[in-house]
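Reading the structure
The primary structure of each chain is shown beneath.
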Amino acid sequence: MPELADDLWVRRFHSVSQSRMTLVCFPHAGGAATFFHPLSTALKPAIQVAAMQYPGRQDRRHDPFLKSIDGLADGCFSALRPLLDRPVAFFGHSMGATVAFEVARRMRQEIGNAPATLFVSGRRAPSRNRKESLHTRGDEELIAELKVLSGTNARLLADPELLGMILPVIRADYTAVETYRFEPGPVLDCPITALIGDRDPQVTVDEAQDWSRHTTGAFKLRKFSGGHFYLADHLRAVVGVITQQLLTRTC
């Protein structure tokens, strides 16, 4: 693997020296790189996983929060540049899907290449805007939303001290994703595969289908049983989607 510009941003849990493809993973709001450790384990040795670690969480908890998608995308793109001269694909979940999309746009504009595939999970298309303002509301409403999505450990939500540590970064991420507005521009030319849970309150089939408008490449929509964090119950199936899409391109 090439030397990374900033290892604060990019984490690799397994060294896969023979891999011909790197899957760069972008976490959800409040999420960290470690969310993708199980995916990295499942994909090795065929595919190297590089997970993004945004500022303000885990070992980066003292780094200033970034409260915009553009800020997160700029930071990710800068850190990833040494990787982008070899085959890469992007996988983003929830907020991470929007960040991954914006990094792909920067990659196409600045380097002239696009990811082998853009996997967008649990997120509506960038052009499908909802009026959301949870980031402006009180802590109780924010905690209630986290409970509905079932992606945060219940013990964390019940511990006032831990809540005090995680709520600021979650609020910053919600600010980023709820204030994001898609700026029209050249569409991507890479394949896009959208993955959603059939009971996810954050995205409908129709909203996910509109990802097809953001590329001239092939588009696929895969639906799984479950809610916003369907991945926890369908890791093997998600791995199958990823490997089928990527390994057939590198054989």
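In what follows, the structure referred to is the one given above.
A short tour of the structure in this document, coming up.

Rules used in this analysis
- Residues numbered from 1 in each chain as written.
- Predicted model: local features only at pLDDT ≥ 70, side-chain atom pairs only at ≥ 80, totals over all residues.
- Heavy atoms only, no water.
- Core = buried A, V, L, I, M, F, W, Y, C linked by side-chain atoms within 4.5 Å.
- Buried < 20%, exposed > 50% of the residue type's maximum accessible area, 1.4 Å probe, protein only.
- Contact = heavy atoms within 4.5 Å.
- Pairing = 2+ DSSP bridges.
- Helix = DSSP H or I, 4+ residues; strand = E, 2+ residues; numbered from the N terminus.
- Axes fitted to C-alpha atoms, helices over the stretch in contact; angles between N-to-C directions.
- Phe/Tyr/Trp six-rings, centres within 6.5 Å; stacked < 30°, edge-to-face > 60°.
- Lys NZ or Arg CZ within 6 Å of the ring centre and 35° of its normal.
- Parallel < 35°, antiparallel > 145°, perpendicular 65-115°, else oblique.
- Left-handed = near helix turned anticlockwise from the far one by under 90°.
- Expected span 1.5 Å × (residues − 1).

On to the nonpolar core. By size, the foremost hydrophobic cluster in this structure holds 48 residues, and its most contacted members are Phe26 and Phe90. The contacts of phenylalanine 90, once residues within four sequence positions are left out, are Leu23, Val24, Phe26, Leu84, Ala100, Val103, Ala104, Met107, Pro115, Thr117, Leu118 and Phe119. Counting 23 residues, the second largest nonpolar core, distinct from the first, contains Met21, Leu39, Phe91 and Ala116.

Another aspect to go through is the sheet that holds strand 5 (residues 118–121). The mixed open sheet is built from 7 strands, whose spatial order is 1-3-2-4-5-6-7. Lying at the two open borders of the sheet, with one neighbouring strand each, are strand 1 (10–11) and strand 7 (219–224). Where strand 1 meets strand 3 (residues 48–52), 2 bridges bridge the pair, whose relative direction is antiparallel. Across the sheet, arginine 11 pairs through a bridge with alanine 51, a residue of strand 3. Those strands touched by helix 2 (residues 69–80) are strand 1, strand 2 (22–26) and strand 3, and its axis lies near 155 degrees from that of strand 2.

Here the focus is the side chain of aspartate 210. Tracing the chain through its elements places aspartate 210 in the loop between helix 7 (205–209) and strand 7. In contact with aspartate 210, other than residues within four places in its own chain, are Ala125 and Arg128.

Each aromatic ring pair is characterised by the separation of its centres together with the angle its planes make. Under the counting rule described, the total for this entry stands at 8 aromatic pairs. With a centroid separation of 5.1 Å and 85 degrees between ring planes, the pair formed by phenylalanine 35 and phenylalanine 36 is classed as edge-to-face. An aromatic cluster of three or more residues is present, and its members are Phe35, Phe36, Phe91, Phe119 and Phe229. Positioned above the aromatic ring of tryptophan 9 is the side chain of arginine 60, whose terminal nitrogen or guanidinium carbon lies 4.7 Å from the ring centre.

This next bit is on the packing of helix 2 against helix 3 (residues 95–110). Axis separation between helix 2 and helix 3 bottoms out at 9 Å; the angle between their running directions is 55 degrees. Overall, the two elements helix 2 and helix 3 adopt an arrangement that is oblique. Both helix 2 and helix 3 take part in a crossing whose hand is right-handed. Seen from helix 2, the contacting residues are Ile69, Asp70, Leu72, Ala73, Asp74, Cys76, Phe77 and Leu80; seen from helix 3, they are Met95, Thr98, Val99, Glu102, Val103, Arg106, Met107 and Glu110.

In an α-helix there are 3.6 residues to a turn, and that puts residues three or four apart on one side. Compared with an ideal rise of 1.5 Å per residue, which puts 16 residues at 22 Å, helix 3 spans 23 Å between its outermost C-alpha atoms and is within 8% of the ideal. Trailing helix 3 by a residue or two, glycine 112 shows a phi angle of about 90 degrees, which is positive.

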